[in-house]
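A look at the structure
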Amino acid sequence: EDFRVVLAFPMLWAPEINLNIETGQGDLEATIPFTDIVKRLNMGLMGEFYLNYKWFGFFLKGMFMDVSTKDASTELGLEVPVIGLPVNVNLDLDLNLNMGMYDVGLSWNLWRNLRLFTLGRVTKVSVTAKVDGNVQSPGLGSCQNPTSPFCIIPPFDQDVAREVDVEPDDMWDFQLGLQYAWWMGRTKRHGINLYGDTQVAGDSDAAWQVDVRYMYRVSKLNNFWLGWRTYQSITEEDDNGNQTTITLNGPLAGWAFSW
């Protein structure tokens with residue numbers, strides 16, 4: 001057929017989220033595990049539209065995610081200049097990630113089922129992190145090596161409170177990608193789709209993704225997709241000089257209509 005149209009919606013993505021927020025006061029690392037995403041139903045909503053005519057194609061993609069949690073684990077990279085001294089760190093993190101990613105582009109069939117993608121991507125990111133907790137050490141008499149001269153360090157009890165907001169301007173990037181997809185067997189009921197792209201120019205310091213999907217043809221019109229997607233980007237610095245490395249890694253599933 002000369003024309004082929006594919007509409008994939010709705011699609012849900014439930015990735016583990018890892019953030020590394022660089023601030024003027026040091027780095028803050030936070031993780032929202034996959035189990036927390038599923039428990040709170042804080043999944044990303046995705047949609048994709050493809051229109052192919054022979055070797056040429058046009059496509060639109062969109063993803064939106066709004067995650068709020070009080071259960072994230074965090075590390076502040078605390079430096080304690082006391083050798084052999086036990087330190088208790090108790091930190092609570094309130095985290096909010098609001099992220100949208102929107103692609104529009106063209107594709108060309110290079111060879112059989114191999115397609116080249118050129119696309120423009122707009123990424124909107126807002127991260128708010130609030131850390132509250134306490135750092136304690138019992139000091140003298142609790143060292144692993146009582147004869148160490150460092151045991152004269154007195155006890156300390158320090159409260160930790162930090163709030164970081166990262167909200168860079170909308171990031172516009174130009175990406176290049178490759179896709180290889182094929183339907184297997186005589187019935188063409190089972191298929192595999194491999195896709196990846198990377199930034200070649202734009203506002204982000206770096207951005208790339210890899211997407212692997214299994215496709216099952218329920219009928220001539222209806223298809224079920226199940227896969228795994230890994231995405232990473234480094235935002236530009238916002239007005240406060242803060243920057244975030246975002247890594248999303250997890251399963252996706254959805255329904256696609258093709259005709």
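Here, every reference points to the structure presented above.
Residues numbered from 1 in each chain as written. Predicted model: local features only at pLDDT ≥ 70, side-chain atom pairs only at ≥ 80, totals over all residues. Heavy atoms only, no water.

**A few points about the pairing of strand E14 (residues 243-258)**
The cut-off we apply is this: Note on pairing: DSSP must find at least two bridges between two strands before they are called paired. What counts as a helix is a DSSP run of H or I of at least four residues, what counts as a strand is a run of E of at least two, and both are numbered from the N terminus.
Here 6 bridges tie strand E1 (residues 3-13) to E14, and the two strands are oriented antiparallel to one another. Bridging across to E14, Ala8 finds its partner in Ala256. For strand E2 (residues 16-23) and E14, the ladder comprises 7 bridges, and the chain directions are antiparallel. Counterpart to Asn20 in the pairing with E14 is Thr245. Taken together, the 13 bridges between strand E13 (residues 222-234) and E14 define a ladder with antiparallel strand orientation. Of the residues in E14, the one forming a bridge with Asn223 is Ala256.

**Considering the pairing of strand E11 (residues 190-202)**
Looking along a regular strand, one sees the side chains alternate between the two faces of the sheet. Looking at chain direction, strand E10 (residues 171-184) and E11 are connected through 12 bridges and run antiparallel. Counterpart to Gln179 in the pairing with E11 is Tyr195. In textbook terms, the turn of a hairpin is the stretch between consecutive antiparallel strands, and for E10 and E11 this stretch comprises 5 residues, one of which, Gly185, has a positive phi near 80°. Hairpin connection, E11 to strand E12 (residues 206-217): the antiparallel pair is bridged by 3 residues.

**Quick notes on the packing of aromatic side chains**
By convention here, two paired aromatic rings are described through the distance between centres and the angle between planes. Applied cut-off: Ring geometry is summarised as follows: Phe, Tyr and Trp rings, the Trp one being its six-membered ring, pair when their centres sit within 6.5 Å, and such pairs are stacked at plane angles under 30 degrees, edge-to-face over 60 and tilted between the two. Buried residues are those whose accessible area, probed at 1.4 Å on protein chains only, stays under 20% of the maximum for their type, while exposed residues exceed 50% and partly exposed ones sit between those limits. Only lysine NZ and arginine CZ atoms are considered, and such an atom sits over a ring when it is within 6 Å of the ring centre and within 35 degrees of the ring normal.
Overall, the coordinates contain 8 aromatic pairs when judged by the stated rule. Here Tyr180 and Trp182 contribute two aromatic rings whose centre-to-centre distance is 5.1 Å and whose plane-to-plane angle is 50°, an arrangement assigned as tilted. A residue is classified by how much of its surface remains accessible, and Trp182, at 28% relative accessible area, is partly exposed. Ring geometry for Phe224 and Trp255: centres 6.3 Å apart, planes at 55°, overall tilted. Here Phe224 is found in strand E13, whereas its partner Trp255 is found in strand E14, with 31 residues between them in sequence. Its relative accessible area of 31% is what places Trp255 among the partly exposed residues. Members of the aromatic cluster, each reached through a chain of ring pairs, are Tyr50, Phe59, Phe117 and Tyr195. Directly above the ring of Tyr195 sits Lys61, whose terminal nitrogen or CZ lies 3.9 Å from the centroid.

**Observations concerning a nonpolar patch on the surface**
Keep this limit in mind: Note that patches include only residues with greater than 30% relative accessible area and no salt bridge, and the join distances are 9 Å for like charges and 5 Å for nonpolar side chains (Val, Leu, Ile, Met, Phe, Trp, Tyr). Residue-level accessible areas treat just the shown protein chains as cover; the underlying method is Shrake-Rupley with a 1.4 Å probe. By salt bridge we mean one thing: a side-chain nitrogen of Lys or Arg within 4 Å of a carboxyl oxygen of Asp or Glu.
Taken together, the side chains of Leu7, Phe9, Leu12, Leu45, Leu221 and Trp259 present a nonpolar region at the surface, about 550 Å² in accessible area. The element that contributes the greatest number of residues to the nonpolar patch is E1, accounting for 3 residues. Inspection of the secondary structure assignment puts Leu7 in strand E1.

**Notes on the pattern of salt bridges**
Close approach of charged atoms lets side chains of opposite charge pair. Applying the stated criterion to the full structure yields 5 salt bridges. Across the pair Arg213 and Glu48 runs a salt bridge whose closest N-O atoms are separated by 2.7 Å. One end of the pair, Arg213, is in strand E12; the other, Glu48, is in strand E4 (residues 44-53), and 165 residues separate them in sequence. We classify Arg213 as buried; its relative accessible area is 5%. Glu48 gets classed as buried once you look at its relative accessible area, which sits at 5%. Salt-bridge contacts for Asp197 lead to Arg121; the nearest nitrogen and oxygen are separated by 2.9 Å. Residue Asp197 is found in strand E11, and its partner Arg121 is found in strand E8 (residues 114-137); the two are separated by 76 residues along the sequence. Side by side, Asp197 and Arg121 carry an identical accessibility label, which is buried. One network of salt bridges, in which partners are shared, links Glu48, Asp211 and Arg213.

**What to know about a negative patch on the surface**
Quick reminder of the rule: The charge count treats Lys and Arg as positive and Asp and Glu as negative. His and the chain ends do not count. Charge coordinates come from a single atom per side chain, which is NZ of Lys, CZ of Arg, CG of Asp or CD of Glu.
A cluster of acidic side chains, namely Glu163, Asp165, Glu167, Asp169, Asp203 and Asp239, defines a negative patch on the protein surface. Assignment of secondary structure puts Glu163 in strand E9 (residues 156-166).

**Regarding the nonpolar core**
Soluble globular proteins: nonpolar side chains tend toward being buried together. Note the cut-off: Only buried residues count toward a nonpolar core, which is a set of Ala, Val, Leu, Ile, Met, Phe, Trp, Tyr and Cys residues joined through side-chain atoms within 4.5 Å. Any two residues having at least one pair of non-hydrogen atoms within 4.5 Å are treated as being in contact.
Formed by 43 residues in total, the largest nonpolar core has its most connected members in Ile17, Ile21, Leu95, Met99 and Val127. Broken down by element, this core gets its largest block of residues, 7 residues, from E8. Dropping the residues within four chain positions of it, Val127 is found in contact with Leu19, Ile21, Leu95, Asn96, Leu97, Val164, Asp165 and Val166.

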